[in-house]
Amino acid sequence: MVDYHAANQSYQYGPSSGGNGAGGGGSMGDYMAQEDDWDRDLLLDPAWEKQQRKSTFIFYAILNGFDAGSVNTWCRNLSLCPYKANSSGFFLPWQNYRNVKTFTAWCNSHLRKAGTQIENIDEDFRDGLKLMLLLEVISGERLPKPERGKMRVHKINNVNKALDFIASKGVKLVSIGAEEIVDGNAKMTLGMIWTIILRFAIQDISVEETSAKEGLLLWCQRKTAPYKNVNVQNFHISWKDGLAFNALIHRHRPELIEYDKLRKDDPVTNLNNAFEVAEKYLDIPKMLDAEDIVNTARPDEKAIMTYVSSFYHAFSGAQKAETAANRICKVLAVNQENEHLMEDYERLASDLLEWIRRTIPWLEDRVPQKTIQEMQQKLEDFRDYRRVHKPPKVQEKCQLEINFNTLQTKLRLSNRPAFMPSEGRMVSDINNCWQHLEQAEKGYEEWLLNEIRRLERLDHLAEKFRQKASIHEAWTDGKEAMLKHRDYETATLSDIKALIRKHEAFESDLAAHQDRVEQIAAIAQELNELDYYDSHNVNTRCQKICDQWDALGSLTHSRREALEKTEKQLETIDQLHLEYAKRAAPFNNWMESAMEDLQDMFIVHTIEEIEGLISAHDQFKSTLPDADREREAILAIHKEAQRIAESNHIKLSGSNPYTTVTPQIINSKWEKVQQLVPKRDHALLEEQSKQQSNEHLRRQFASQANIVGPWIQTKMEEIGRISIEMNGTLEDQLSHLKQYELSIVDYKPNLDLLEQQHQLIQEALIFDNKHTNYTMEHIRVGWEQLLTTIARTINEVENQILTRDAKGISQEQMQEFRASFNHFDKDHGGALGPEEFKACLISLGYDVENDRQKQTGSMDSDDFRALLISTGYSLGDAEFNRIMSVVDPNHSGLVTFQAFIDFMSRETTDTDTADQVIASFKVLAGDKNFITAEELRRELPPDQAEYCIARMAPYQGPDAVPGALDYKSFSTALYGESDL
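Residues numbered from 1 in each chain as written. Predicted model: local features only at pLDDT ≥ 70, side-chain atom pairs only at ≥ 80, totals over all residues. Heavy atoms only, no water.

Per an unreviewed UniProt entry, the chain carries the name Alpha-actinin-4 and comes from Myotis brandtii. Note on the chain: under the UniProt heading Sequence similarities (unreviewed entry), the record states "Belongs to the alpha-actinin family." (UniProt positions renumbered as here; feature names shortened; annotations may be inferred.)

Quick word on unusual backbone geometry
Glycine aside, residues mostly have negative phi angles, and peptide bonds mostly take the trans form. Here N229, not a glycine, exhibits a phi torsion of approximately 65 degrees, which is positive. Tracing the backbone shows N229 in the loop between α13 (212-224) and α14 (243-252). Positive phi values are uncommon outside glycine, yet D283 reaches one of about 60 degrees. Relative to the assigned elements, D283 resides in the loop between α15 (267-281) and α16 (290-294). Taking relative accessible area as the criterion, D283 reaches 45% and is therefore assigned partly exposed. (Helix = DSSP H or I, 4+ residues; strand = E, 2+ residues; numbered from the N terminus. Buried < 20%, exposed > 50% of the residue type's maximum accessible area, 1.4 Å probe, protein only.)

What to know about the packing of α14 against helix α17 (residues 301-316)
The description of two helices packed together rests on the angle between their axes and the distance between the axes. Where α14 meets α17, the axes come as close as 11 Å, and the angle between the chain directions of the two elements is 5 degrees. Between α14 and α17, the angle falls in the class roughly parallel. When α14 is examined against α17, the residues F245, L248, I249 and H252 are found in contact with a partner set consisting of I304, Y307, V308, F311 and F315. (Axes fitted to C-alpha atoms, helices over the stretch in contact; angles between N-to-C directions. Parallel < 35°, antiparallel > 145°, perpendicular 65-115°, else oblique. Contact = heavy atoms within 4.5 Å.)

Topic: the side chain of H617
Examined against the element boundaries, H617 turns out to sit in helix α26 (residues 607-622). Classification of H617 as buried rests on a relative accessible area of 6%.

Some words on the side chain of R383
Within the secondary structure, R383 sits in helix α19 (residues 372-413). For R383, a relative accessible area of 10% puts it in the buried group. Those residues in contact with R383, other than ones at most four positions away along the chain, are Q762 and E763.

Describing the nonpolar core
In summary, soluble globular proteins display a tendency toward joint burial of nonpolar side chains. Of all hydrophobic cores here, the largest spans 73 residues; its most connected members are I196, W239, F245 and F311. Beyond its immediate stretch of four places on either side in the chain, F311 contacts W219, F245, L248, I249, A278, L282 and I284. Listed in part, the 47 residues of the second largest apolar core include I744, M776, L841 and I883. (Core = buried A, V, L, I, M, F, W, Y, C linked by side-chain atoms within 4.5 Å.)

What to know about α13
The end-to-end C-alpha distance of α13, which contains 13 residues, comes to 18 Å, matching closely the 18 Å that a straight helix rising 1.5 Å per residue would cover. Those residues of α13 lying buried are A212, G215, L216, L217, L218, W219, C220 and T224. (Expected span 1.5 Å × (residues − 1).)

Considerations on the environment of M132
Take M132: it is sitting in helix α9 (residues 129-139). Each C-alpha atom, one on M132 and one on P144, is 8.9 Å from the other, the two residues being twelve residues apart in sequence.

A look at the pattern of salt bridges
Taken as a whole and judged by the stated rule, the model has 45 salt bridges. Of the charged contacts, one joins D241 and K264 as a salt bridge, the two residues approaching to 2.6 Å between their closest N and O atoms. Of this pair, D241 sits in the loop between α13 and α14 while K264 is found in the loop between α14 and α15, placing the two residues 23 residues apart along the sequence. On the basis of relative accessibility, which here comes to 44%, the residue K264 falls in the partly exposed class. One salt-bridge network, held together by shared partners, links R386, K390, E441, E445, E755, E777, R780 and E784. (Salt bridge = Lys/Arg side-chain N within 4 Å of Asp/Glu carboxyl O.)

Considering the UniProt feature "coiled-coil region" (unreviewed entry) in the chain
UniProt tags residues 496-530 as "coiled-coil region" (unreviewed entry). Between the C-alpha atoms that bound residues 496-530 there is a distance of 50 Å. The span itself is 94% helix and 0% strand.

Let's talk about the packing of aromatic side chains
Per the stated rule, a full pass over the model turns up 31 aromatic pairs. Each ring, one from W239 and one from F245, has its centre 4.9 Å from the other, and the planes form 55 degrees; the classification is tilted. Residue classification places W239 among the buried positions, given a relative accessible area of 0%. Through a chain of ring-to-ring contacts, three or more aromatic side chains come together here, namely F235, W239, F245, F275, Y307, F311 and F315. The ring of W475 carries K479 above its face, with NZ or CZ at 4.9 Å from the centroid. (Phe/Tyr/Trp six-rings, centres within 6.5 Å; stacked < 30°, edge-to-face > 60°. Lys NZ or Arg CZ within 6 Å of the ring centre and 35° of its normal.)

A look at helix α31 (residues 776-807)
Between its first and last C-alpha atoms α31 spans 46 Å; for 32 residues at 1.5 Å apiece the expected length is 46 Å, and the two agree. Looking one or two residues past α31, G808 carries a phi angle of roughly 75 degrees, positive in sign.

Given below as structure tokens:
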């Protein structure tokens, strides 16, 4: 529309030229001849005849310079109709003044739609700008561009453009020229406005093939017939009491008027009530004052007709509004159903994601327990999760994907945009979270098993620490008291020498125990590094042993110094005892070490490891004869000493002074070693039997896994081949797939058997299996993928049946689509690339170059391709890109068969469009560019009205009013053309 406001602002109105001159007066009679029916009833009225008889008086009063107030006073005294001066200084009858007010209000009721209004009807139309704007608003058509000059010729040209437009609508303008309008001739201006009202507001009113005026009168009579005290016979006196106006409003909007409380003897109240209600609730501006109608013997017919025609146009759109409301209800019902499905998906997806989010932290909780029993309980809890809690969630995930695909199919069938779940709830997001869950499962299970291994090693190290510590503590028991004993002060020389030798033997023994102390410290350090739960007590005991060891070293050094101080006094040394002591001590240490090794705990996981231990034990047993000979040699030394003492009558003071290792001790420990050897043999044989049993479990599981794993892979390949070939009708295919699904479910006992075997393996703490490449985790994942794939394939066929039935596609067409799709699916991957899809469309006769019409002739695909090649035909890049955006909205570069079927069916089906919904809303809005909440609540059911109000954006146009809503953006959003 032309910017008349900017042009109008550039004008500065000067004094109007004489518009009431000879030219203006000469054309008045001709104009009245054009509209004889304007004042026909008025000329027959006695009051009008009286007015004519007094006109001479008024004329001479004006010529003699009397002001308007004086003239009106005389008119009232003479019972004449009062006069009012217009802006040009001319006097108009008061009746014409009412026309001015009514016509001004009528013009402003339309001009406000363009954001402007007029104040003075004979002044504001003089430049022609607002007159052209008024005609554009009420006709809905564009006029020629107005001239922006300020000169009189520019104004006349603009008015002529408006008059030419009126004449183009079949209206014959007699004696109304552009000069009169530009000069501000009030009579000509009012006549022109009345002509416009007749043409654009009244002429189209027709009831039972009557004329416009008679049709409007008949409409008023029918609408007010049931009301008492209302008898509409004309457009003047019948409307004076105001009841007819109130009856029209009450007939169409009974909630706005309390008709029973109105009184016929109070016309001013009645009229004001009707005018105020019409202005407030019906958007009809107040065109008359109640006093103007009541205080006039005969109200102006043109003013009343103009006012009543506004009521007619306000109420005549009720039927259109109802039809538009029904269309909107239908569209909104579909949208509400889809939104309900979307909310269900969002809720199910949120629940599943919430379960995953709750479960993953549990699986990622890697806080180790103190004992192996607690960790085994965690492993049992994890197995319970695998058996009880996870399988229902696997089914929920599969069902969620099926529901999502079904929802997308329904949206495509109703010509709605594809459903995009909220951020983080896409099927791909759920799959990613599910993959994260399975990774957490795998990591948690590995952690549990590793933690059990760690605790086993910790228990083994702790037991080893306790054994070595106990042996060392038993050895050190009394050593400090011995080293602190001052027996050398009163001993003889031989005793001192014996004490020296004994001390040397002790130092040798002390050095031999150094390794054990270092081993104890190393084990304690390893327990600390492995975070042993009782590390505090271990460290305390280890520290006590180390402190005691340091004390022994210090005491040993002090005693040696004391003995060496008196060494010169000691001469006699018993070499045999010394030799005995030196040989007995290492042998004693060897026996202690042998006993430690024979009682040492062991952990193995394979048959090879236990066989290695058995081999080492056999090697140890092979050294026993040499050890026995060493024992006999040591005992022979002792016996030789006894023999020499006896033969030389030497009185020995008791035990060997150089060592505490007596023959009895050596024999006792030797007997202990002899007893521990068969026990060690028995323990190793038991472990060998256990590892053989574990090997049997490994082979048993591998045998079953090597059958189930390839079976699952074969079934996956067969499903892929079935989904591509799809022989027979869709129902046959669906039946075949469901039977195939039952056969898969029937195979579940084999998987359960494998689970049982796997549980036996885990209970036996078997951590690897070299006889198979399949793990239970691989089998589980493959089984879940197999169930999901067959369910997804069944869902695809069901969606194809739904698409076929909804779009009316025949079985032959569906087979033809499948055959074409499979022909170009060279790699049998179930999807086409862009070039393959383009070739597939051409083979089916789809033509997007010729106004995007479909080619459905009788030629077969080979003939049609030959014709395309011969004519140089090819799909246009722009059109093909449009098609690809439809079938591949995610731009993955692949077109699935379901998307292909949806596209082919959608291209041949007529559906609702956004333009139709916009047109319906425009009817409800009364041709406005916006709609209000009150209009929606009046025309639509409550729930759908509130649905629209909650989602419509505020209208931002130049003609916006408070509370205006933008129904255009809302309608396009319903079809995905903008954001809702």
